[in-house]
Amino acid sequence: MKINALVAHDATQPLTTGQIALRPLQPQDVKIDILYCGVCHSDLHMARNEWAVSRYPLVPGHEIVGRVVATGHAASRFKVGELVGVGVMVDACRECHFCQQHEEQYCEAGFVPTYNGIDRYTGDNTHGGYAQSLVVDQHFVVTVPKNLSLPGVAPLLCAGVTVWSPLRHFNVKAGDQVGVVGLGGLGHMAVQLASAMGAEVTLFTTSPQKGQDALRLGAKNVVVSKDAAQMTACQTSLDLIIDCVAAPHDLDPYLATLKTNGRLVLVGIPDKPHQSPNITPMVFRRLSISGSSIGSIQETQEMLDFCGQHNITADIELITGEEIETAFARMLRGEVKYRFVIDVQATCWGAVHP
Ligand code: NAP
Ligand code: ZN
Ligand code: ZN
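Residues numbered from 1 in each chain as written. Chains lettered and ligands numbered in written order. Predicted model: local features only at pLDDT ≥ 70, side-chain atom pairs only at ≥ 80, totals over all residues. Heavy atoms only, no water.

1. Description of the side chain of Thr 162
Keep this limit in mind: Helix and strand assignments come from DSSP, with helices taken as H or I runs of at least 4 residues and strands as E runs of at least 2, each series counted from the N terminus. Relative accessibility under 20% of the residue-type maximum defines a buried residue, over 50% an exposed one, and the middle range a partly exposed one, all with a 1.4 Å probe and only protein chains included. Nitrogen and oxygen atoms within 3.5 Å of one another constitute a polar contact, given that in protein one can donate a hydrogen and the other can accept it, and given that sequence-neighbouring residues count only through two side-chain atoms. It only takes one pair of heavy atoms within 4.5 Å for two residues to be counted as in contact.
In this fold, Thr 162 is placed in helix H4 (residues 159-169). Of the residues examined, Thr 162 reaches a relative accessible area of 5% and is grouped as buried. A distance of 2.7 Å separates a polar atom in the side chain of Thr 162 from the backbone oxygen of Cys 158. Leave out the neighbours within four places in its chain, and Thr 162 touches Leu 186, Val 267 and Ile 294.

This is the structure in structure tokens:
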């Protein structure tokens, strides 16, 4: 069966409408009609081959909310009509140490990404959520809280869990001083989630005009990172920083804002490396730099439940598929407030223009 989708054909051309084949429903699969799909900066990196791993044709999208419309005969976790979510992974080996520990995002064989992966059943390219439907193994599907606005839930499936996972893994607790670098899709979720956990959040931004929004989202302090005096004023004040910036930058000014034993967690994946940090202050103040990759299926469900309890969703701008290139261009300029979400059902598939 073929469905409509937004397709990148190479690294330089705009996305266009195309038809893609849907994976045939397996016994443990669910078929989902997609309602909303968030636009993650990773989609842009991938569409433009900025990580040099893209295989075309490529259908981006891994912040998916939709409705179950069919289930395989062994898929009993979900019922037809249920609202569900799918994030960055659609499969993993399920046997390695990390899969057994419910940390599929660190699968030793490599998890199968929702798009630009190899389907373990068909051997075809996996296709993402800028499309009408998705067929996916029920293990990689999560339940969406009923009280939240659906378009605002979609970005939780990647942006939300990517910042939730390190906040939980590194035991952020009430009263901790947490820094967030960059108020974009990931950053605005980090501000909301960390402050809902009771942490006191400092946002670092290159965009002074985003300060009011950061305070509304729960930040206690806003620091304009280009202002050296503001950076100096908050030296040695933070326990943990989540760095969500999509471009290479100097890490040293952020390391200087950490207390002794502090940790800088990098979740942004720029196309070129950051310049090497100065090791000396790291040694003398026992600082750490960590990376963190998305989050597990279990963490995704925990995060969604937490968001349901705390009434947290992404701040979104709803677009239709026709507007994807404008959305990408604004994302490149750091002008998103704070996540574009594609209204898949409102998309006119015959009329997607560059
Ligand atoms: P985004 O919405 O574009 O936000 C990035 C923010 O970084 C911008 O809003 C901006 O905030 C700040 N920034 C400062 N200088 C920048 C520059 N030169 N270019 C771009 N941004 C700049 O992106 P996102 O969707 O949150 O994704 C952020 C990064 O995380 C991307 O690299 C993405 O691929 C990666 N990611 C990683 C994972 C993971 O598993 N680790 C998961 C999802 C995404 P200010 O205006 O406040 O400075
Ligand atoms: Zn993403
Ligand atoms: Zn595995």
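2. Comments concerning the coordination of the zinc ion (ligand 2)
To keep things clear, this is the line we draw: Metal-coordinating donors are taken as N, O and S atoms lying within 2.8 Å of the metal, or within 3.2 Å when the metal is Na, K or Ca; because water is left out, some sites can appear incomplete.
With distances of 2.0 to 2.2 Å, the protein atoms coordinating the zinc ion (ligand 2) are Cys 40 (SG), His 62 (NE2) and Cys 158 (SG). All donors of the zinc ion (ligand 2) belong to a single chain; written as a sequence motif, their spacing is C-x21-H-x95-C. Here His 62 is found in the loop between helix H1 (41-47) and strand E4 (64-71), whereas its partner Cys 158 is found in the loop between helix H3 (150-153) and H4, with 96 residues between them in sequence. Here His 62 falls in the buried class, since its relative accessible area comes to 6%.

3. As for the packing of aromatic side chains
Using the following cut-off: Pairing of aromatic rings covers Phe, Tyr and the six-membered ring of Trp, with a centre-to-centre limit of 6.5 Å; geometry is then stacked below 30 degrees between planes, edge-to-face above 60, and tilted otherwise.
Scanning all chains against the criterion turns up three aromatic pairs. Between Phe 98 and Tyr 106, the ring centres sit 6.5 Å apart and the planes meet at 65 degrees, which makes this aromatic pair edge-to-face. Classification of Phe 98 by relative accessible area gives partly exposed; the value is 27%. With a centroid separation of 4.9 Å and 55 degrees between ring planes, the pair formed by Trp 164 and Phe 306 is classed as tilted. Taken as a pair, Trp 164 in helix H4 and Phe 306 in helix H10 (residues 297-310) lie far apart in primary sequence, 142 residues in all. Relative accessible area serves as the criterion here: at 3%, Trp 164 is assigned to the buried category. With relative accessibility at 13%, the residue Phe 306 sits in the buried group.

4. Observations regarding the pattern of salt bridges
Condition: The term salt bridge refers to a pairing of a side-chain nitrogen on Lys or Arg with a carboxyl oxygen on Asp or Glu at a separation within 4 Å.
Summed over all chains, the structure comprises 16 salt bridges. We note a salt bridge from Lys 173 to Asp 176, for which the minimum N-O separation is 3.2 Å. A relative accessible area of 13% means that Asp 176 is categorised as buried. Notably, a salt bridge pairs Lys 259 with Asp 239, separated by 3.2 Å at the nearest N-O pair. Within this pair, whereas Lys 259 is found in strand E14 (residues 258-266), its partner Asp 239 is found in strand E13 (residues 238-243), the two being separated by 20 residues in sequence. Accessibility expressed as a relative area gives 31% for Lys 259, which makes it partly exposed. Several salt bridges share partner residues, and in doing so they unite Asp 91, Arg 94, Arg 120 and Asp 137 into one network.

5. A word on the nonpolar core
The line we're drawing: What is meant by a nonpolar core is a set of buried Ala, Val, Leu, Ile, Met, Phe, Trp, Tyr and Cys residues, joined one to another through side-chain atoms within 4.5 Å.
Among the nonpolar cores identified, the biggest contains 101 residues, and Tyr 130, Val 136, Leu 167 and Leu 193 are the most heavily contacted of them. Residue contributions to this core peak at seven residues, all from strand E3 (residues 29-39). The contacts of Leu 167, once residues within four sequence positions are left out, are Val 172, Val 178, Ala 190, Leu 193, Ala 194, Met 197, Leu 240 and Ile 242. Core analysis: the next-biggest nonpolar cluster, separate from the first, contains 15 residues, Val 181, Val 223, Leu 238 and Ile 241 among them.

6. Observations regarding a nonpolar patch on the surface
Stated formally: What makes a patch is a set of residues exposed beyond 30% relative accessible area and free of salt bridges, joined within 9 Å when like-charged and within 5 Å when nonpolar (Val, Leu, Ile, Met, Phe, Trp, Tyr). Computed with a 1.4 Å probe, the accessible areas rest on the Shrake-Rupley method; for each residue, only the protein chains presented here act as cover.
A cluster of nonpolar residues, Ile 279, Val 283 and Phe 284, forms a patch on the protein surface that exposes about 360 Å² of accessible area. Position of Phe 284 relative to the elements: it lies in helix H9 (residues 279-284).

7. Things to note about the site of ligand 1
Basically, it comes down to this: Whether a residue is near a molecule or strand depends on its heavy atoms: it is near if one of them lies within 4 Å of it.
Surrounding ligand 1, one finds 28 residues, the nearest of these being Thr 205, Thr 206, Ser 207, Lys 210 and Arg 339. Between His 45 and ligand 1, the recorded distance is 2.9 Å, taken from a side-chain N or O atom to an oxygen atom. With respect to ligand 1, the side chain of Thr 206 contributes an N or O atom lying 2.6 Å from an oxygen atom. Compared with its free state, where it exposes 910 Å², ligand 1 has 88% of that area covered by protein. For the shell around ligand 1, the elements supplying multiple residues, two or more each, are H1 and helix H5 (185-196). The greatest single-element share of the shell around ligand 1, amounting to three residues, is contributed by H1.

8. Observations regarding helix H11 (residues 324-332)
Let me state the cut-off plainly: What the arc describes is the spread of directions from the helix axis to the C-beta atoms.
For H11, every residue scored as buried is listed here: Ile 324, Glu 325, Ala 327, Phe 328 and Met 331. Burial along H11 is one-sided: seen end-on, the buried residues are contained in an arc of 155 degrees. In this structure, the buried side of H11 is in contact with strand E1 (2-7), E3, H1, strand E16 (316-319) and strand E17 (339-343). One or two steps after H11, the chain reaches Gly 334, where phi turns positive at roughly 70 degrees.

9. Some points on the packing of H4 against H5
The angle between the axes and the distance between the axes are what describe a pair of packed helices. Definition in use: In this analysis, axes come from line fits to C-alpha atoms, helices being fitted only over the stretch in contact, and the angle between any two N-to-C directions falls in the range 0 to 180 degrees. For classification purposes, an angle smaller than 35 degrees is called roughly parallel, one larger than 145 roughly antiparallel, one from 65 to 115 roughly perpendicular, and anything else oblique. Rotating anticlockwise by less than a right angle from the far helix to the near helix defines a left-handed crossing, while the corresponding clockwise rotation defines a right-handed one. Charged means Asp, Glu, Lys or Arg here, nonpolar means Ala, Val, Leu, Ile, Met, Phe, Trp, Tyr, Cys or Pro, and polar covers whatever is left, Gly included.
As a packed pair, H4 and H5 sit with axes 8 Å apart at the nearest point and diverge in direction by 50 degrees. Our classification of the angle between H4 and H5 gives oblique. Pair H4 / H5 crosses with right-handed handedness. Of the residues in H5, those touching H4 at Ala 159, Gly 160, Thr 162, Val 163, Trp 164 and Leu 167 are Gly 185, Leu 186, Met 189, Ala 190, Leu 193 and Ala 194. Each residue belonging to the contact of H4 with H5 can be placed in one class, and the counts come to nine nonpolar, three polar and no charged.

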